[in-house]
Amino acid sequence: MTVVRVLQVVGARPQFVKLAPVSRALAAAAAEGGTPFEERVLHTGQHYDDDMSARFFDELELPHPAVNLGVGSGSHGEQTARMLAGIEKVLLDLQPDIVVVYGDTNSTLAGALAAVKLGAPVAHVEAGLRSGNRRMPEEINRIATDHVCDLLFAPTEAAVANLQREGLATRTQWVGDVMADAVLHGVVAAREHGATLDRFGLRGRRFAVATLHRAASTTAYALPRLLEALEQAARRFDAMIVPLHPRTRAAIARYRGEWRPDPRIVICEPLGHRDLLQLLDAAAMVLTDSGGLQKEAFLLGTPCVTLRDETEWVESVDAGGNRIAGIGTAAVLSAVDELTSCAPPKQVLAERAAACYGCGKAAARIVAALPGAMLPGTDRWGAP
Ligand code: UD1
């Protein structure tokens, strides 16, 4: 059987989490006598701190990147341009049969554009999500990526409907959500490994987990409001753990100098995926501006307050596990109180999430579909 050469393009923390199940499924396909794949990972270097990158590769046992472009931080234009130039060179060198991009970051858009311009088939994992807010850089990345990719792997029915509305139905396939695969796989180890609960002294306590990282959350206007909302919300719990993204840490230093919150708030470094899953699983509530955390909380049956004005994960709201609160203290407190009294039980929420996102088979479906994207009988890399 012909070996299919797959180039996985990743660069930011949530993409390492999504890569893990697909990488496992690629290895399993060959081991089970199916299509043999040769997998290479291209890391753009968008995230470079050990806490944001190396730790995820170790813990999730990801293949060591064949290439790390080391693009680092920059404006969106600069960052994306450096990635495009670097990815193009790697594509010409490695000549993969198919390129796979994940999610909605600048690394996603750069990977998709570089590949399509060279005529290489490209697949988008987590296609079709829309927040309706075109001021989010991620929304532009999603729309542009979906419109240039050959294969669109949609995680939800809502995502399929979005792609149909945009005329992309023929390239779309519902596969379920690779984050469901990652959570269902990861939570087993997380539950066995109680070290993070011990580290923060959380056993037997009613605690919340809060994160902020989006550009819109870290402006001079939004950041003080969000910190105030978190301080007030923390009083509803015994403790609130706040792992700080580097962007948020830098914004606090810029606008506040120092944040000395209510003593119930415990600030820490960005956590690895297993540690985070352990906290999300045992928490009474999650407060976040992250798309990934909203969904991880839902899959684990933990209620979530979303610190934005919209969400891509409408299923979690419909299921009663997520409230869209924005950044104001009054709205955040009322969402916390409503969820405390009315959220469905953990098991019920987790079952509703599994019904929306699939039960851990998304990566296997993706891997089964990849060979279909290869162009039969052609060699786009210039061989006779
Ligand atoms: C990116 C994604 C976002 C995703 C998030 C997960 C885009 C447009 N956004 O946002 O969709 O949810 O990753 O974290 O691609 N920094 C460090 N060390 C790092 C990484 C970042 O110090 O390892 C700092 C830099 O100062 C950088 C800032 O964080 O300027 C923001 O990083 P960037 O990669 O631009 O975007 P994220 O906010 O992480």
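Residues numbered from 1 in each chain as written. Predicted model: local features only at pLDDT ≥ 70, side-chain atom pairs only at ≥ 80, totals over all residues. Heavy atoms only, no water.

Novice: How do you make sense of the sheet that holds strand β10 (residues 265-268) when you look at a structure like this?
Specialist: Strand pairing within a sheet occurs via backbone hydrogen bonds; the two strands may be parallel or antiparallel. The six strands are arranged β10-β9-β8-β11-β12-β13 in an open sheet whose pairing can be described as parallel. Strands at the two margins of the open sheet, each flanked by one partner only, are β10 and β13 (322-324). The sheet shows a mean angle of 20° between the axes of neighbouring strands, direction not considered. Note that strand β11 (residues 285-288) and strand β12 (residues 304-306) share three bridges and pair parallel. Residue pairing in the sheet places Val286 in a bridge with Cys304 of β12. Sitting on the sheet, helix α11 (residues 273-282) touches β8 (207-211), β9 (239-243) and β11, and the angle it makes with β8 is about 130°. (Pairing = 2+ DSSP bridges. Helix = DSSP H or I, 4+ residues; strand = E, 2+ residues; numbered from the N terminus. Axes fitted to C-alpha atoms, helices over the stretch in contact; angles between N-to-C directions. Contact = heavy atoms within 4.5 Å.)

Novice: In this structure, what is going on with the packing of aromatic side chains? I would like to understand it.
Specialist: The way to describe two aromatic rings as a pair is by their centre distance and the angle between their planes. For the structure shown, the criterion picks out four aromatic pairs. Ring geometry for Phe16 against Phe56: centres 6.5 Å apart, planes inclined by 50°, an arrangement best described as tilted. In this pair, Phe16 sits in helix α1 (residues 13-31) while Phe56 sits in helix α2 (residues 54-59), placing the two residues 40 residues apart along the sequence. The pair formed by Phe16 and Phe56 is uniform in burial state, with each residue classed as buried. For the ring pair Phe16 and Phe57, a centre distance of 4.9 Å and an interplane angle of 55° mean the geometry is tilted. Of this pair, Phe16 sits in helix α1 while Phe57 sits in helix α2, placing them 41 residues apart in sequence. For the pair Phe16 and Phe57, a shared accessibility class is recorded, and that class is buried. Following the ring pairs from residue to residue traces out a cluster consisting of Phe16, Phe56 and Phe57. The ring of Tyr221 is capped by Arg225, whose NZ or CZ atom sits 3.8 Å from the centre of that ring. (Phe/Tyr/Trp six-rings, centres within 6.5 Å; stacked < 30°, edge-to-face > 60°. Buried < 20%, exposed > 50% of the residue type's maximum accessible area, 1.4 Å probe, protein only. Lys NZ or Arg CZ within 6 Å of the ring centre and 35° of its normal.)

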